[in-house]
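Each chain is listed here by its residues.
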Amino acid sequence: MTKPEILLEGVVFGESPRWHDGRLWFSDWGANQVIALGEDNRPEVIVQIPSFPMCIDFLPDGRLLVVDSAQRRLVRLETDGSLVTHADLSVVSDKPWNDIVVDNRGNAYVNSIGFDFPGGEFTPGPIVLVTPEGSVRQVADGLAFPNGMAITADGATLIVAESYANQLTAYDIEPDGSLANRRVWAATPGDHPDGICVDAEGAVWYADVGNRHCVRVAEGGEVLATVELDRGAFACVLSRGEDPKLYVVGQNWGGPESTEPTGQVVAFPAPAPGAGRP
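Residues numbered from 1 in each chain as written. Predicted model: local features only at pLDDT ≥ 70, side-chain atom pairs only at ≥ 80, totals over all residues. Heavy atoms only, no water.

Draft legend 1. Region of the structure containing the overall build of the chain. Looking only at helices and strands, one finds zero helices and 24 strands in the chain. The C-alpha atoms of the chain give 17 Å as radius of gyration, which agrees with the globular expectation for 278 residues (19 Å, within 12%). Judged by the C-alpha coordinates and their principal axes, the chain covers about 45 × 45 × 40 Å. Taking all 278 residues of the chain together, 56% fall into the buried category. Taking all contacts inside the chain whose residues are at least 6 apart in sequence as the whole, residues at least 24 apart take part in 44%. Here the chain displays about 11500 Å² of accessible surface, and carbon together with sulfur accounts for 47% of that area. (Helix = DSSP H or I, 4+ residues; strand = E, 2+ residues; numbered from the N terminus. Rg over C-alpha atoms; globule rule 2.2 N^0.38 Å. Buried < 20%, exposed > 50% of the residue type's maximum accessible area, 1.4 Å probe, protein only. Contact = heavy atoms within 4.5 Å. Areas by Shrake-Rupley, 256 points an atom, 1.4 Å probe, with all protein chains shown as cover.)

Pasting the structure below:
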């Protein structure tokens, strides 16, 4: 088993890692911060938003989008450092909003888990499409705790982790951004996939909190690789170019209350670089 390289400790609740402009970005939900790792893995706080969840992705022009779940909206970080509302998500659901992925045209797909977690009675959740102009429309429904999402390199397929269904689910992306032809991309028996990413060979990495690992699977479900952690793996992303790495954010979850943050950002060597989005 490959031992991970620890890049950063002291994270309160790390999620939503993204590779952008040669740097690793992620959200610390517990600290309400979006952070980028610079040289020597020094954390730079990019923006602070009092929200939980708080997933991120980037528009094609490089501006940051943040899911402000507390306010049921999508916000945009402008080049002057100001935050503006990109879209009102409450028009579709007042339940917690979760992950986001943006395609090469600037369309943002955002999902809602569909119920108050934890403690609320389970109901399935939707996916909405947010256009670059900020209009919102629902494009999928009936997902069993939709979590991480990714778009394949050719822009033709959206893959979403259905945590409560133990599977990765795929949709064809239509020319107008609609989703069609729902199907099981890969079953993940015994695992509850959380954050995901696609690599240049067409495989998907998914993180699993309870089983404390990340798994690389091919379409159809063949397991290609597994890396183990000593705490829950919440999400992962791949670097681009030579010497690819799989970056994972993880922390202890569901255990005794701790006075110290348990979150880490770690890296593993990867067989192939990232592709598609995020």
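Draft legend 2. Structural detail: unusual backbone geometry. Note that the residue after F52, namely P53, is joined by a cis bond; omega there is 0°. Its place among the elements puts P53 in the loop between β5 (43-48) and β6 (56-58). Residue R277 is joined to P278 through a cis peptide bond whose omega torsion reads 0°. Relative to the helices and strands, P278 resides in the segment after β24 (263-269). The backbone phi angle of N41 is positive, close to 60°, even though this residue is not glycine. Within the secondary structure layout, N41 lies in the loop between β4 (33-37) and β5. Its relative accessible area of 27% is what places N41 among the partly exposed residues.

Draft legend 3. The arrangement of the side chain of T152 in detail. Structurally, T152 is set in the loop between β14 (146-151) and β15 (157-162). Overall, T152 belongs to the buried group, its relative accessible area being 17%. Side chain to side chain, T152 and D154 meet in a polar contact 2.7 Å long. (Polar contact = N/O pair within 3.5 Å; in protein donor to acceptor, adjacent residues only side chain to side chain.)

Draft legend 4. Region of interest: the side chain of S239. For S239, the location among the structural elements is in the loop between β22 (232-238) and β23 (245-251). A polar contact of 2.9 Å, which involves the side chain of S239, links it to the backbone nitrogen of K245. Setting aside chain neighbours within four positions, we find S239 in contact with W19, P244, K245, Y247, P273 and G274.

Draft legend 5. Fine view of the sheet that holds strand β20 (residues 213-217). Reading across from one edge, β18-β19-β20-β21 is the order of the four strands in this open sheet, with antiparallel pairing throughout. Strand pairing shows two members of the sheet lacking a second neighbour, β18 (193-198) and β21 (223-228), which therefore form its edges. Strand-to-strand twist of the sheet, defined as the mean angle between neighbouring strand axes without regard to direction, takes the value 20°. Looking at chain direction, β20 and β21 are connected through five bridges and run antiparallel. Bridge pairing links C214 to V227 in β21. (Pairing = 2+ DSSP bridges. Axes fitted to C-alpha atoms, helices over the stretch in contact; angles between N-to-C directions.)

Draft legend 6. Quick look at the nonpolar core. If you look at the biggest cluster of nonpolar residues, it comprises 30 residues, and the most contacted ones within it are V34, L64, V66, L74, I100, V110 and V130. Listed by contribution, the elements that provide at least two residues to this core are β4, β6, β7 (64-68), β8 (73-77), β10 (97-102), β11 (108-112) and β12 (125-130). Looking at this core, the element that brings in the most residues is β7, giving four residues. Discounting chain neighbours no more than four positions away, the residues touching V66 are V34, I49, M54, C55, I56, R73, L74 and V75. (Core = buried A, V, L, I, M, F, W, Y, C linked by side-chain atoms within 4.5 Å.)

Draft legend 7. Quick look at the packing of aromatic side chains. Tallying each qualifying case throughout the model produces eleven aromatic pairs. Ring centres of F115 and F145 lie 5.9 Å apart, and the angle between their planes is 80°; on these two criteria the pair is classed as edge-to-face. Remark: F145 occurs in the loop between β13 (136-143) and β14 and F115 occurs in the loop between β11 and β12; sequence separation between them is 30 residues. We note that F115, like F145, is buried. Aromatic side chains F115 and Y164 sit 6.1 Å apart centroid to centroid with 45° between the ring planes, which places their arrangement in the tilted category. (Phe/Tyr/Trp six-rings, centres within 6.5 Å; stacked < 30°, edge-to-face > 60°.)

Note that all results are geometric; they support no functional claim without further evidence.
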